[in-house]
Amino acid sequence: MQKFFVLLLLALPAVLLTVNTGSSPFAFAAEDELDEELVDVETEDAAVVADETEPEDEPETTKSPDADTYLLFTRPLHATGSQLELPAGYPVEFLVGFTNKGQFEDFVVESVEASFRYAMDFSYFIQNFSAVPYNREVKPGHEATVSYSFLPTESFAGRPFGLNIALNYRDGRGNQFSEAVFNETVQITEVDEGLDGETFFLYVFLAAIVILLLVLGQQFLGSYGKRKRPTAARKVVETGTTSTKDVDYEWIPSETLKQMQNSPKGAPKSSPKQSPRQRKAKAGVQ
């Protein structure tokens, strides 16, 4: 009985798997192989779809056989054969020329546009600049020149970017053309200025602080010196005698004293002290 119970426990999982799947246990390997084949087919289809969609992301460039275009950078100047360097924060200006080589059809120069692309993949846009419309008609055998300018931001300094400049035009039958007159990698450079506005105002502010400190130090030293300076002794000025009471008239002759007393201004009213000799002389005179 125990052996039968053990065999039942061992056989029960196999019976349950067979009933749930509805097939034999050996069918799983075949199903796995089919699943792998389906997965491989799906990945191949996805790769094919990806290969078909990649060319659609790339910018289309079309050119008319009856038209010639040329480009000339005016700011900054660019030498042919060298990498173009654009200063960050400064405008870039260039001229786009168009020549109608045809003999019967007119062309219309519609617009010029520019954009920064990723240097490793020109289909990836970094920044689009606004398109400038012109709608200038060019007769057969004639030429036209249009100007365009844009401003690279300072945050792009020190990095390379792909620059794409496209000229859009159409012929007399309405066929649209978009020709890339410039499609190369450029270097955005950082301009080192000797003295910018922020540095100038910083220097002015520091100079004002230094002048203020000097003025305050001078005032402090001046007030401190006045406190420590010793007071000078006052000079005694002799003003002479202002009272006639203390005047000694003994040395003055009696005749002079009489004249002084008889004069209108006269001598002081106070009678002078007389010596015994003067008294005797005065008595003998009398």
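Quantities reported herein were computed from a predicted structural model and do not represent experimental measurements.

**Observations concerning the overall build of the chain**
Link 1 in the chain: From N to C terminus, the chain includes five helices and nine strands.
Link 2 in the chain: Going from the N terminus to the C terminus, the chain shows its helices and strands as α-α-β-β-β-β-β-β-β-β-β-α-α-α.
Link 3 in the chain: Counting every position in the chain, which comprises 286 residues, the buried fraction comes to 20%.
Link 4 in the chain: Considering only residue pairs separated by 6 or more positions, the chain has 69% of its internal contacts joining residues 24 or more positions apart.
Link 5 in the chain: Looking at the chain as shown, the accessible area adds up to about 22200 Å², and 57% of this sits on carbon and sulfur atoms.

**Description of the sheet that holds strand S1 (residues 67–75)**
Link 1 in the chain: Strand order in the open sheet formed by three strands is S1-S3-S7, with antiparallel pairing between adjacent strands. Two strands lie at the open edges of the sheet, namely S1 and strand S7 (143–150), each paired on one side alone. Taking the axes of each pair of neighbouring strands and ignoring which way they run, one obtains an average angle of 20 degrees across the sheet.
Link 2 in the chain: Of the pairings in the sheet, the one linking S1 to strand S3 (residues 92–100) comprises eight bridges and is antiparallel in character. Paired with Ala67 across the bridge in S3 is Asn100.

**Observations regarding the environment of Asn135**
Link 1 in the chain: For Asn135, the position within the fold is in strand S6 (residues 132–138).
Link 2 in the chain: C-alpha of Asn135 to C-alpha of Glu110: the two residues are 25 residues apart in sequence and 4.2 Å apart in space.
Link 3 in the chain: Apart from residues lying up to four places away in sequence, Asn135 is in contact with Val108, Val109 and Glu110.

**Some words on the side chain of Asn168**
Link 1 in the chain: Mapping Asn168 onto the fold places it in strand S8 (residues 160–171).
Link 2 in the chain: Asn168 gets classed as buried once you look at its relative accessible area, which sits at 13%.

**Details of the pattern of salt bridges**
Link 1 in the chain: One pass over the full model with this rule turns up seven salt bridges.
Link 2 in the chain: For the salt bridge of Lys101 with Asp68, the shortest nitrogen-to-oxygen distance reads 3.3 Å. Placement of the pair is Lys101 in the loop between S3 and strand S4 (107–118) and Asp68 in strand S1, with a sequence separation of 33 residues.
Link 3 in the chain: The class for Asp68 is partly exposed, based on a relative accessible area of 30%.
Link 4 in the chain: Close ionic contact of Lys139 with Asp106 constitutes a salt bridge, the shortest N to O distance being 3.3 Å. On the criterion of sequence distance, the pair formed by Lys139 in the loop between S6 and S7 and Asp106 in the loop between S3 and S4 is long-range, its members being 33 residues apart.
Link 5 in the chain: A network of salt bridges, in which partner residues are shared, links Glu105, Asp171 and Arg173.

**Here we look at the UniProt feature "transmembrane region" (unreviewed entry) in the chain**
Link 1 in the chain: Taking the UniProt record as the reference, the feature "transmembrane region" (unreviewed entry) is found at residues 200–221.
Link 2 in the chain: Between the C-alpha atoms that bound residues 200–221 there is a distance of 32 Å. The span itself is 100% helix and 0% strand.

Calculation criteria
- Residues numbered from 1 in each chain as written.
- Predicted model: local features only at pLDDT ≥ 70, side-chain atom pairs only at ≥ 80, totals over all residues.
- Heavy atoms only, no water.
- Helix = DSSP H or I, 4+ residues; strand = E, 2+ residues; numbered from the N terminus.
- Buried < 20%, exposed > 50% of the residue type's maximum accessible area, 1.4 Å probe, protein only.
- Contact = heavy atoms within 4.5 Å.
- Areas by Shrake-Rupley, 256 points an atom, 1.4 Å probe, with all protein chains shown as cover.
- Pairing = 2+ DSSP bridges.
- Axes fitted to C-alpha atoms, helices over the stretch in contact; angles between N-to-C directions.
- Salt bridge = Lys/Arg side-chain N within 4 Å of Asp/Glu carboxyl O.
- UniProt positions renumbered as here; feature names shortened; annotations may be inferred.

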